[in-house]
Amino acid sequence: MWPSTDLTTGIVRILDAQERTVGTGFVVSGDGLVVTCAHVIASAGSGPGKTVQVAFHATGEQRAAQVVPEWWRGTTAEDVAVLRVEGALPEGVSVLSLASSARAKGRSLATFGFPSVKPLEGLAGQCEVIGRTTERGFPVLQLRSTEVTPGFSGAPVLDPLARGVVGMVNAITMPDPYERLGETVFILAAETLWGICPPLRPGLLQRLAHGAAGLLRRIGWLRLAGFLVLIIVALGSYSILLSLRPRPAVLFVVDASSRMLAATEGGTRMDVTCSVLLEQMSRPTAETYRMGLVVFGQHSLGADSCADIEQVVGLGNRNSQKIVDAISGLQAGSPPDAAPLSAAIVAAIAELASNSGPKTVVVITGGGDTCAADGARMVQQELARAGVELELYVIGYNMDQVSEAEVLSLTDEVGGTYYAASTAAELADVTAGIIANAPPPTASPAPPMPTPTRTPEPLPPIPTSTPTPVPTSTPIVIRPGQTYVDHTGDADQTHIDVVSFSTTLEGETLQVTYQLVDIPSLITFDRDGIPLDWVEYGWEVYVDPQGRAYAHFTQPVQVGEYLLQVAHVVRNESPRAVSLSLEEALNVTAIYIQLEEEGRRLTYVGNVAVEVDPAADTITLRTVVPGISPNATIFFRTVDYLGAHDYPGW
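Bear in mind the structure is a predicted one, so any value in this text is a computation, not a measurement. (Residues numbered from 1 in each chain as written. Predicted model: local features only at pLDDT ≥ 70, side-chain atom pairs only at ≥ 80, totals over all residues. Heavy atoms only, no water.)

1. Focus on the overall build of the protein
Reasoning step 1: Per the secondary structure count, the protein includes 12 helices and 33 strands.
Reasoning step 2: Scored against the burial criterion, the 650 residues of the protein give a buried share of 53%.
Reasoning step 3: When contacts within the protein are restricted to residue pairs at least 6 apart in sequence, those whose partners lie at least 24 apart make up 70%.
Reasoning step 4: Counting only carbon and sulfur atoms, one obtains 54% of the accessible surface of the protein, whose full area is about 27,400 Å². (Helix = DSSP H or I, 4+ residues; strand = E, 2+ residues; numbered from the N terminus. Buried < 20%, exposed > 50% of the residue type's maximum accessible area, 1.4 Å probe, protein only. Contact = heavy atoms within 4.5 Å. Areas by Shrake-Rupley, 256 points an atom, 1.4 Å probe, with all protein chains shown as cover.)

Put into structure tokens, the structure is as follows:
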């Protein structure tokens, strides 16, 4: 099956038990593998080892698919689920294969998802990669888009030039108080996806398929036949051409400043770096490259130390032994700690300018540039002057967060790739992967400097102060599988007053049900007196997997580690005093992990599946809570901003 660049032929809708669309997925292999977000699967009420229903957008056919446990990464990790569809793919469904995201920055990319305005038909979207960052410590690409919105979670992002999917949508932002960031989207890079599920990694056949498909489109079958004749003739002289083919060049740039004396696992930074490079030089493939070595910061020559860049081994064939000899005597310099990182990269570019083959610069550094105020501009100017196109990889070894942010900024600006390595093993894996001309399997881009807290899709704004009195007595504590009954009518609204609260636990899937006094057919929402972007009504569950007593916490909003919330939030575009059913009015469903017991910083984890049953007067929430066990403790409450509340048992 040929890889497709028509997104609609490889898209699937992920369905919940009521056959409602909860997110997007896409077909990534001819044997029926589908990729989506773990939080989408949780919203569908499924999880690892279970099944979920998918609907193929191209045909409308529904199939059961198993969530493969081996490749599941929950909402506290990369947020990835790989499904295996039962049976052969339907006729008309195509594979959307993965491609490297390395060159996606600045390009116009395509996506397709199922927002609330088009839950069945779907909607196309355009986006542009503008940078790289991290989400919960895992690497993501930052995009700009005016179309991507809730419902696009799990959607593929296609790079037409790379002829493949370079990432998967997993989060969006809402505008901040300054009305900024409203078009920001985050996607998991394709490299992350095939790192989790190795069968998805593009192989030779996929690359040939991409190339052949593009060739057919450009020249057609008749011209292709003539082209093949030329190829047959050319094969006769292939061995001669092969011997004349320019070798790819790899130039190593090594930080030898005094900061490389810092102790790490396995010795100093310098010791580990030298050991890793010696291992690379011992590989048989080393002789297939033109190689060289640049060192900076080794001698620390006082005022001249920012010019301390040395071409230790010039670029040449069969240089591995020369590099071994140079590395064997390499030592880090002594303070002051000057590190002309950018100037060293400029020197490497100048050295590579005369090489006619592919060019790669591999930098290993223990920190940022301490000499150049605008190192990125220096590198960009040298690239333009020399007319050189190359692959630039910078490996930050055991660096602090500030240095990582500086180096990540530099590589982003000049079109390079940054990898973080915190251990000797990671440094070896990253370096080996680059030399093999393949994305490093275990590398992770470093986190940037902390930025203002954002809340990805969907956004549940939580009031910065509690609008109702905080009880001072001890709340009711229940555990998964238990039920609490409250016989006291203590709320102004019947849909806030809790009659009972029941829970069930299956694996890590928690289901909680509010039995309320009464859920009227219509309720007044968006009432006067509710601030914009605040919760008007909320039904909340706090879970502490550690099973701690609630006396440990000072306020209800600080209870536990996770918050499950279904709520109605007053939006800027909302008309005031509108009568709606409760199910129509709920516009926030989310699960959060709380970072600070004494604060209100919350980080998005995933969606909650919600079911409202007005006939039974119940609201049911269901989601995966990582690490939960029968010994966990659970607290719950209902809140109306204008005064009604129910803290059961208080």
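2. Notes on the sheet that holds strand 8 (residues 123-135)
Reasoning step 1: One closed barrel accounts for six strands, arranged 7-8-9-12-11-10; its pairing is antiparallel. Direction aside, the axes of adjacent strands within the sheet are offset by 45° on average.
Reasoning step 2: Pairing of strand 7 (residues 108-113) with strand 10 (residues 156-159), which is carried by two bridges, proceeds in the antiparallel orientation. Within strand 10, the residue paired with Ala110 across the bridge is Leu158. (Pairing = 2+ DSSP bridges. Axes fitted to C-alpha atoms, helices over the stretch in contact; angles between N-to-C directions.)

3. Things to note about unusual backbone geometry
Reasoning step 1: Positioned with a positive phi, Glu19 is a non-glycine residue whose angle comes to about 60°.
Reasoning step 2: Not every positive phi belongs to a glycine, and Arg318 is a case in point at roughly 50°.
Reasoning step 3: Relative to the helices and strands, Arg318 resides in the loop between strand 17 (309-317) and helix 7 (320-328).

4. As for the state of the cysteines
Reasoning step 1: If you walk through the whole model with that rule in mind, you get one disulfide.
Reasoning step 2: With its sulfur 2.0 Å from that of its partner, Cys306 forms a disulfide with Cys371. On the S-S bond that ties Cys306 to Cys371, the torsion sits near -85°, and the link is left-handed. Here Cys371 lies in the loop between strand 18 (359-365) and helix 9 (375-386) and Cys306 lies in the loop between strand 16 (290-296) and strand 17, a separation of 65 residues in the sequence. (Disulfide = S-S within 2.5 Å.)

5. A look at the side chain of His568
Reasoning step 1: Positionally, His568 belongs in strand 26 (residues 562-569).
Reasoning step 2: On the basis of relative accessibility, which here comes to 4%, the residue His568 falls in the buried class.
Reasoning step 3: Within the structure, the side chain of His568 is placed 3.1 Å from the side chain of Asp526, a separation counted as a polar contact.
Reasoning step 4: When near neighbours in sequence (up to four residues on either side) are disregarded, His568 contacts Phe525, Asp526, Trp534, Val535, Glu536, Tyr537, Ala585, Leu586 and Asn587. (Polar contact = N/O pair within 3.5 Å; in protein donor to acceptor, adjacent residues only side chain to side chain.)

6. Considerations on the environment of Pro48
Reasoning step 1: Turning to its location among the elements, Pro48 is positioned in the loop between helix 2 (38-43) and strand 4 (51-56).
Reasoning step 2: Along the chain, Pro48 and Val68 lie 20 residues apart, while their C-alpha atoms are 6.0 Å from each other.
Reasoning step 3: Contact partners of Pro48, with chain neighbours within four places excluded, come to Val67, Pro69 and Trp72.

7. As for the pattern of salt bridges
Reasoning step 1: Inspection of the entire model under this criterion finds 10 salt bridges.
Reasoning step 2: Taking the shortest distance from any N to any O, the salt bridge between Asp16 and Arg20 comes out at 3.0 Å.
Reasoning step 3: With a shortest N-O distance of 2.7 Å, Glu536 and Arg527 are connected by a salt bridge.
Reasoning step 4: A relative accessible area of 14% means that Arg527 is categorised as buried.
Reasoning step 5: Each of the salt bridges in this network shares a partner with another, and the network as a whole consists of Arg527, Glu536 and Asp640. (Salt bridge = Lys/Arg side-chain N within 4 Å of Asp/Glu carboxyl O.)

8. Focus: the pairing of strand 20 (residues 417-421)
Reasoning step 1: A large share of strand 20 lies buried, amounting to five of its five residues.
Reasoning step 2: Residues Thr417, Tyr419 and Ala421 point to one face of strand 20 and Tyr418 and Ala420 to the other, with burial holding for every one of them.
Reasoning step 3: Direction of pairing for strand 19 (residues 391-397) relative to strand 20: parallel, over a ladder of five bridges. Directly across from Tyr397, in strand 20, lies its bridge partner Ala421.
Reasoning step 4: What joins strand 19 to strand 20 is helix 10 (residues 401-414), and the crossover it makes is right-handed. (Right-handed = clockwise from strand over helix to strand, strands pointing away.)

9. So, the confidence of the model for the protein
Reasoning step 1: Taken as a whole, the protein shows an average pLDDT of 77; of its residues, 76% reach a score of 70 or greater.
Reasoning step 2: At the level of individual helices and strands, the protein shows its lowest average pLDDT in helix 5 (residues 238-244), which scores 42, and its highest in strand 3 (residues 33-36), which scores 96.
Reasoning step 3: Contacts of residues 204-219 to residues separated by more than four positions or lying in other chains number 21 contacts, the stretch itself having pLDDT below 50.
Reasoning step 4: Confidence over residues 595-600 falls short of pLDDT 50; this stretch has 15 contacts with residues more than four positions distant or in other chains. (pLDDT = per-residue confidence, 0-100.)

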